[in-house]
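# Topology and contacts: notes
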Amino acid sequence: MRSLDELAAEGGEGLEFVTEFVNNPHSGNVRVAKDHWTRTVQHIADHAQEMESLEPEQAERRAENIARMLAHSLARVHKCWACGVYGPSTSWWRSRHD
């Protein structure tokens, strides 16, 4: 996992993300933002490992809950992770939006 400091050092989108993550939900509190970033990544990683031992239907529900939390948070600021990852310049996007 890359820390917020490492992401910020990349500049560009990394710095933009860190700035928004620290300032918007965490009111500029870098210590809290760093803790929450670590917890977020660890939470997703833990659930990914945990899902390997679940029945497929249970794993799907767990994945849906994690996705819902992420999507809801981003939707509140008019963003979507899939649009960011699979934006209009990708063949994946074009195959689904043409």
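The coordinates are above.
Our subject in this report is the structure included herewith. In this text, all values refer to a predicted model and were calculated from it rather than measured experimentally.

Reading the values: rules and limits
- Residues numbered from 1 in each chain as written.
- Predicted model: local features only at pLDDT ≥ 70, side-chain atom pairs only at ≥ 80, totals over all residues.
- Heavy atoms only, no water.
- Axes fitted to C-alpha atoms, helices over the stretch in contact; angles between N-to-C directions.
- Helix = DSSP H or I, 4+ residues; strand = E, 2+ residues; numbered from the N terminus.
- Parallel < 35°, antiparallel > 145°, perpendicular 65-115°, else oblique.
- Left-handed = near helix turned anticlockwise from the far one by under 90°.
- Contact = heavy atoms within 4.5 Å.
- Nonpolar A, V, L, I, M, F, W, Y, C, P; charged D, E, K, R; others polar.
- Phe/Tyr/Trp six-rings, centres within 6.5 Å; stacked < 30°, edge-to-face > 60°.
- Buried < 20%, exposed > 50% of the residue type's maximum accessible area, 1.4 Å probe, protein only.
- Polar contact = N/O pair within 3.5 Å; in protein donor to acceptor, adjacent residues only side chain to side chain.

Moving on, we get to the packing of helix α3 (residues 30-51) against helix α4 (residues 56-75). Contact geometry of α3 with α4 gives a least axis separation of 10 Å together with a crossing angle of 165°. The orientation of α3 with respect to α4, classified from their angle, is roughly antiparallel. When you trace α3 past α4, the crossing you get is left-handed. Contact with α3, carried on its side by H43, I44, H47, E50 and M51, involves A59, R62, A63, I66 and M69 of α4 and no other residues of that element. Within the contact of α3 with α4, the residues separate by chemical class into six nonpolar, two polar and two charged.

This structure, assessed with the given rule, holds three aromatic pairs. Ring centres of F21 and W37 lie 6.1 Å apart, and the angle between their planes is 75°; this geometry places the pair in the edge-to-face category. Here W37 lies in helix α3 and F21 lies in helix α2 (residues 12-23), a separation of 16 residues in the sequence. Judged by relative accessible area, F21 falls into the buried class, the value being 16%. An aromatic cluster of at least three residues, connected via ring pairs, comprises F17, F21 and W37.

Next up on the list: the side chain of H47. Looking at the secondary structure, you find H47 in helix α3. Residue classification places H47 among the buried residues on the basis of a relative accessible area of 14%. Here the side chain of H47 touches R62 through a polar contact of 3.4 Å, side chain to side chain. Not counting residues within four places of it along the chain, the set of residues in contact with H47 comprises R62 and I66.

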